[in-house]
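Chains, contacts and geometry: an overview
One-letter residues, chain by chain:
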Amino acid sequence: MSDLKNFTCIGCPIGCPLQLTHEGRDILEIEGFQCNRGAKYAKQEFEDPRRFMSTTVAIEGARWKRLPVKVTAPVPKDRVVAAAFEIHKLAVTAPVRLGDVLLKDLLGEKGVDVVATRTMDRI
Amino acid sequence: MLGRMEGPYDVMVVGGGPAGLAAAIGARDAGARRVLVIDREAEAGGILLQCIHSGFGLHYFKQELTGPEYAERFVTEALDHEIDILPNSYVSGIGLDSDGAKRVRILSDHYGLQTKTCRSVVLAMGCRERTRGAIRIPGTRPSGVLTAGLAQKFTNMMGYLPGRRVAILGSGDIGLIMARRLVLEGCEVVGVFELMPYSNGLTRNVVQCLDDFGIPLHLSTTVTEIMGQDRLRGIKVAPVGPGFKPDMSKEHAIDCDTLLLSIGLIPENEMSQSLGIQLDLTTRGPIVSSTLETSLPGVFACGNVLHVHDLVDFVTGEALRAGRHAGEYAMGIRRAQDNIRLVPGDNVRYCVPHSLSTGHEHQIFMRCKEPMKPCEIIIGDIMRKKLSFVVPAEMIMFKIKPDALDQFQGDTLRIDIRPLDR
């Protein structure tokens with residue numbers, strides 16, 4: 001017996017409605033995409049859904065109280081909130097440069113680093 | 001950021017967000033030697049600095065950047081172009097000399113009140129959020145009711161959380177982005193309420209900001225009452241029927257301490273109005289020619305002050321063009337006046353620019369009134385373009401090539417969007 005799963009692609013603003021037919025863990029067919037990102041997204045979403053994420057951390061000695069950060073690789077979808085809470089434990093001191101690595105292997109995920117997404121000078 | 005103002009300038013740009021920075025770069029590229037960007041905030045970059053999520057730059061940089069990353073690239077590029085940036089300053093008036101020069105009055109923390117002369121001006125003041133007053137929600141006036149963008153600045157830059165249990169009115173992208181953002185900050189988001197029968201945000205944002213976190217989206221629903229004395233205690237919501245009239249028999253209370261409003265943006269045109277610049281009643285931005293020049297010669301407009309865009313990449317493209325034309329104007333280059341008026345027709349809410357000229361390529365931005373699929377854009381009898389769908393939340397853009405206008409003899413071009421049979 002094959003089953004159907006519906007996804008909405010988040011690869012770009014078009015948001016293609018995707019249909020993935022599977023039997024157990026085997027993918028039989030993916031339909032509904034207008035570009036390759038859609039097919040890739042549906043496969044990834046079925047096998048191991050992940051999300052990029054961004055949040056902020058506390059910063060001392062800068063113009064603002066919060067420094068924006070992001071992860072360099074996507075984290076499992078069901079660990080996004082846990083990842084944010086983990087990142088919020090960080091506190092940094094200005095100056096910080098765009099791209100500075102603030103934490104490596106977030107939540108033990110190999111290659112998922114937390115980096116600053118802007119430069120903040122010391123004030 | 002170190003402020004710098006010398007002068008005289010060829011081009012002055014009012015506003016240092018993505019539009020202003022790109023306009024300044026465009027002006028330099030067109031040959032203007034001295035360009036000044038004036039911004040009221042402590043640093044240039046505009047609203048991008050508080051938009052810490054990614055999704056910017058897919059068109060322009062061919063990669064997905066966060067707002068601060070996009071802003072930093074443009075600030076760096078502006079400084080590389082030897083553009084002066086003056087923060088903590090604002091333009092309090094613009095006057096015209098008899099020879100066409102602009103006299104710009106600038107109030108600045110560093111230089112005090114000064115008047116500087118330039119050849120052309122680019123308006124890039126952006127837009128601001130509609131507030132509770134714009135939609136007149138009944139009820140008390142407690143704290144805890146604020147616009148989504150203000151909550152974004154509090155949360156992402158200033159380090160304040162707006163509250164703990166949050167309801168959001170309006171499903172525009174800022175509202176959706178803030179729903180996810182506040183969940184990541186440990187808040188509970190009880191729901192997003194949308195007056196229209198469809199979301200006003202991008203589908204991808206409904207998926208990755210609401211669905212991923214189990215936040216309910218209530219369509220055709222609005223807030224009917226705000227409750228609480230000092231602090232918001234809760235809201236009442238009701239589904240809406242025909243004519244968006246709330247069905248009060250189904251009104252019910254929702255417990256929350258914060259209500260975010262994501263109910264639209266208004267171009268910030270007080271300055272334009274004080275200059276007597278003609279505005280478009282629909283976009284609420286200036287009426288512009290194909291060179292993005294307003295009704296005041298030598299004053300150009302771009303970005304969200306001209307019309308509200310949904311992607312910063314489009315702002316950048318438009319602003320580079322406006323800046324180039326402002327730069328050319330400052331160097332004494334004049335184009336013949338436009339000879340074709342562009343008029344919105346069926347299912348077209350607005351189009352920008354408002355006129356065209358033969359002999360040039362034109363970039364048209366427009367929005368539809370209602371969702372339609374599939375459909376066709378019909379530009380007079382010179383051009384047709386099929387689209388699989390249009391929705392009001394997504395700007396439609398296309399180019400008109402010079403040869404399409406070659407044979408055109410009229411002085412008015414009407415644009416319609418009509419349904420296509422499947």
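Residues numbered from 1 in each chain as written. Chains lettered and ligands numbered in written order. Predicted model: local features only at pLDDT ≥ 70, side-chain atom pairs only at ≥ 80, totals over all residues.

A word on the overall build of chain B. Counting secondary structure elements, chain B contains nine helices and 28 strands. For 422 residues, the compact-globule estimate of 2.2 N^0.38 gives 22 Å, and chain B sits close to it at 22 Å. A principal-axis box enclosing the C-alpha atoms of chain B has dimensions of 65 × 60 × 40 Å. For chain B, the residues scored as buried account for 49% of the 422 residues in total. Counted over contacts in chain B with a minimum sequence separation of 6, partners at least 24 positions apart contribute 64%. (Helix = DSSP H or I, 4+ residues; strand = E, 2+ residues; numbered from the N terminus. Rg over C-alpha atoms; globule rule 2.2 N^0.38 Å. Buried ≥ 20, exposed ≤ 12 C-beta atoms within 10 Å, placed from the backbone. Contact = placed C-beta atoms within 7 Å.)

What follows concerns the nonpolar core. Residues and elements named next belong to chain B. Membership of the largest hydrophobic core comes to 85 residues, with the highest contact counts inside it found for Val13, Ala23 and Val122. Counting residues domain by domain, this core receives three or more from each of domain 1 (11–128 + 266–330) and domain 3 (340–419). Val122 has contacts with Val11, Val13, Val14, Ala23, Phe300, Cys302, Ala322, Gly323 and Ala326, leaving out every residue within four places of it along the chain. (Core = buried A, V, L, I, M, F, W, Y, C linked by C-beta atoms within 7 Å. Domains from an automatic or database assignment.)

Another aspect to go through is the packing of helix H5 (residues 173–184) of chain B against helix H6 (residues 203–210) of chain B. All names here are of chain B. It is at 8 Å that the axes of H5 and H6 come closest, and there the two elements cross at 20°. Relative to H6, the element H5 lies roughly parallel. In this structure, H5 crosses over H6, and the sense of that crossing is left-handed. Along the contact surface, H5 presents Asp173, Leu176, Ile177, Ala179 and Arg180, while H6 presents Asn205, Val206, Cys209 and Leu210. Residue classes in the contact of H5 with H6 are distributed as six nonpolar, one polar and two charged. (Axes fitted to C-alpha atoms, helices over the stretch in contact; angles between N-to-C directions. Parallel < 35°, antiparallel > 145°, perpendicular 65-115°, else oblique. Left-handed = near helix turned anticlockwise from the far one by under 90°. Nonpolar A, V, L, I, M, F, W, Y, C, P; charged D, E, K, R; others polar.)

Attention now moves to H5 of chain B. Residue and element names in this part refer to chain B. Across its 12 residues, H5 extends 17 Å between first and last C-alpha, which sits within 8% of the 16 Å expected from 1.5 Å per residue. Most of H5 is tucked away: 12 of the 12 residues are buried. Along H5, the residues that are buried comprise Asp173, Ile174, Gly175, Leu176, Ile177, Met178, Ala179, Arg180, Arg181, Leu182, Val183 and Leu184. Looking at the residues trailing H5, positive phi occurs at Gly186, about 95°. (Expected span 1.5 Å × (residues − 1).)

So, about the sheet that holds strand E17 (residues 252–255) of chain B. Residue and element names in this part refer to chain B. On the basis of which strands lie adjacent, the open sheet formed by three strands has the order E15-E16-E17 and antiparallel pairing. Both outer strands of the open sheet, strand E15 (221–227) and E17, are each paired with one neighbouring strand and no more. Taking the axes of each pair of neighbouring strands and ignoring which way they run, one obtains an average angle of 35° across the sheet. Strand direction decides the pairing type here: E15 and strand E16 (residues 234–239), joined by six bridges, are antiparallel. Its bridge partner lying in E16, Glu225 is registered against Lys236. (Pairing = 2+ DSSP bridges.)

Residue and element names in this part refer to chain B. What the domain assignment reports for chain B is domain 1 (11–128 + 266–330), domain 2 (131–263) and domain 3 (340–419). The distance between the C-alpha centroids of domain 1 and domain 2 comes to 31 Å. With five residues of domain 1 at the interface, the matching set in domain 2 holds six residues. Its residues placed into classes, the side of domain 1 that touches domain 2 shows three nonpolar, two polar and no charged.

It is worth spelling out the pairing of strand E9 (residues 120–123) of chain B at this point. Two faces belong to every sheet, and in a regular strand the side chains alternate between them. Residues and elements named next belong to chain B. Across the two faces of E9 the burial is the same, with Ser120 and Val122 and Val121 and Leu123 all buried. Alignment of strand E1 (residues 11–14) against E9, held across four bridges, turns out to be parallel. Across the sheet, residue Met12 finds its bridge partner in E9, namely Val121. Alignment of E9 against strand E20 (residues 299–301), held across three bridges, turns out to be parallel. Each bridged residue has a counterpart across the sheet, and for Val121 the counterpart in E20 is Val299.

Let us now look at the environment of Gly17 of chain B. Residues and elements named next belong to chain B. With respect to the helices and strands, the residue Gly17 is situated in the loop between E1 and helix H1 (18–29). In this structure, the C-alpha to C-alpha distance between Gly17 and Asp39, residues 22 residues apart in sequence, is 8.0 Å. Sequence-distant contacts of Gly17, that is, excluding residues within four places in its chain, are made with Gly45, Gly46, Ile47, Leu48, Ala124, Gly126 and Gly303.

One can read the domain layout of chain A as domain 1 (3–47) and domain 2 (54–116). Relative placement of domain 1 of chain A and domain 2 of chain A: their C-alpha centres are 30 Å apart.

Residues and elements named next belong to chain B. For the pair H1 and helix H8 (residues 312–330), the least separation of the axes is 6 Å and the interaxial angle reads 40°. Looking at the two axes, H1 sits oblique to H8. Crossing angle aside, the handedness with which H1 passes H8 is right-handed. Here H1 contributes Pro18, Ala19, Ala22, Ala23, Ala24, Ile25, Gly26, Ala27, Arg28 and Asp29 to the contact with H8, which in turn contributes Val312, Val315, Thr316, Ala319, Leu320, Arg321, Ala322, Gly323, Arg324, Ala326 and Gly327. Partitioning the contact of H1 with H8 into residue classes produces 13 nonpolar, four polar and four charged.

Another point: the pairing of strand E12 (residues 165–169) of chain B. Residues and elements named next belong to chain B. Counting buried residues in E12 gives four out of five residues, a clear majority hidden from the surface. Two strands pair when backbone bridges link them, and E12 and strand E13 (residues 188–193) are joined in this way by five bridges, in the parallel orientation. Bridge pairing in E13 links Ala167 to Gly191. Summarising the sheet, E12 and strand E18 (residues 258–261) pair through four bridges and their orientation is parallel. Looking at the pairing, Ile168 lines up with Leu260 of E18.

Right, let's get into the environment of Gly55 of chain B. Residue and element names in this part refer to chain B. Here Gly55 shows up in strand E3 (residues 54–56). Under the C-beta neighbour-count criterion, Gly55 is labelled buried, with 24 such atoms within 10 Å. As for Gly55 and Tyr70, which are separated by 15 residues in sequence, their C-alpha atoms are 9.9 Å apart.

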